[in-house]
Amino acid sequence: MRWRAEAAALQLFWWIMGLLSPERASATGDWLLRRLGPRSGKMRRIKANLAMAFPEKDAAEIDHIARGVLGNLGAVMAELAHLDNITDLDRDDPCVELVNLNRDPAFLQRSKPVIFVSAHLGNWELMALAAAIEFGIPFNVMVRPLDFLPMDCVLTEIRS
């Protein structure tokens, strides 16, 4: 029952974010999770991981970075409501810019397989989607399933 309620809340969140512009949705998602996220169990895990990664930082710095992590997660979640719009590279003002610095003729002619590696920064979901659209390359994305099954199902569908 809890997952159904959380899935319904997530659908409502995406519906509301879909009513906003992509930029406004992203900012709203960031704002929401910076404020609501610290009350979640995820905040404890984020702080523990940050404390291990940055032992020289004090509790206030760790808390500040953790809120930024949550804000970024909120922005990414809100942007999922706008993936079609965000990845439309033919817009007058595209949200994503792809710069291909690879001059290998085999890559440019798509005559051999390639591996893209991207950092877990910004909206990490956009890289594969935008590159697949721009280069016309079929993609496979390797991910760890999310602990929250409804969100994992939605993301799997989006990635497909």
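Residues numbered from 1 in each chain as written. Predicted model: local features only at pLDDT ≥ 70, side-chain atom pairs only at ≥ 80, totals over all residues. Heavy atoms only, no water.

A. The arrangement of the overall build of the protein chain in detail. Each helix and strand counted, the protein chain has 8 helices and 0 strands in total. Secondary structure elements in the protein chain, listed N-terminal to C-terminal, are α-α-α-α-α-α-α-α. Projecting the C-alpha coordinates of the protein chain onto the three principal axes gives extents of approximately 50 × 40 × 30 Å. Contacts in the protein chain between residues at least 24 apart in sequence constitute 67% of all its contacts with a sequence separation of at least 6. Surface summary for the protein chain: the accessible area is close to 11000 Å², and the carbon and sulfur share equals 59%. Looking at charge distribution, the protein chain has the averaged site of its 18 positive side-chain charges lying 8 Å from that of its 20 negative ones. (Helix = DSSP H or I, 4+ residues; strand = E, 2+ residues; numbered from the N terminus. Contact = heavy atoms within 4.5 Å. Areas by Shrake-Rupley, 256 points an atom, 1.4 Å probe, with all protein chains shown as cover. Lys, Arg positive; Asp, Glu negative; His and termini not counted. Charge placed at Lys NZ, Arg CZ, Asp CG, Glu CD.)

B. Layout of the environment of A66. Inspection of the secondary structure puts A66 in helix α4 (residues 59-79). Sequence separation between A66 and D104 is 38 residues, and the spatial gap between their C-alpha atoms is 40 Å. Ignoring any residue separated from it by four or fewer positions in sequence, one finds A66 in contact with M43, I46, K47 and L50.

C. Local environment of the layout of surface pockets. Taken as a whole, the second largest pocket encloses approximately 220 Å³ of empty space. Taken together, 13 residues form the lining of the second largest pocket, with V99, N100, F116, M127 and F135 sitting closest to its centre. If one sorts the elements of the lining of the second largest pocket by residue count, helix α7 (residues 124-135) sits on top with 3 residues. Partitioning the lining of the second largest pocket into residue classes produces 10 nonpolar, 2 polar and 1 charged. (1 Å grid on protein atoms, 1.4 Å probe; cavity = no way out; pocket = protein on both sides within 12 Å on 5 of 7 lines; lining within 4 Å. Points joined across faces, edges and corners; volume = space filled by probe spheres on them. Nonpolar A, V, L, I, M, F, W, Y, C, P; charged D, E, K, R; others polar.)

D. Structural context of the pattern of salt bridges. The final tally for this structure, using the stated rule, is 3 salt bridges. Here D63 and K47 are joined by a salt bridge, their closest N and O atoms 3.0 Å apart. Of this pair, D63 sits in helix α4 while K47 sits in helix α3 (residues 41-53); the two residues are 16 residues apart in sequence, bridging distant segments of the chain. With a closest N to O distance of 3.0 Å, D63 and R67 form a salt bridge. With a gap of 4 residues between them, D63 and R67 both fall in helix α4, about one helical turn apart. For R67, a relative accessible area of 32% translates into the label partly exposed. Each member of the salt-bridge network shares a partner with another, and the members are K47, D63 and R67. (Salt bridge = Lys/Arg side-chain N within 4 Å of Asp/Glu carboxyl O. Buried < 20%, exposed > 50% of the residue type's maximum accessible area, 1.4 Å probe, protein only.)

E. Fine view of the side chain of D152. One can find D152 in helix α8 (residues 149-159). In this structure the side chain of D152 is engaged in a polar contact, spanning 3.0 Å, whose partner is the backbone nitrogen of L146. Leave out the neighbours within four places in its chain, and D152 touches P145 and L146. (Polar contact = N/O pair within 3.5 Å; in protein donor to acceptor, adjacent residues only side chain to side chain.)

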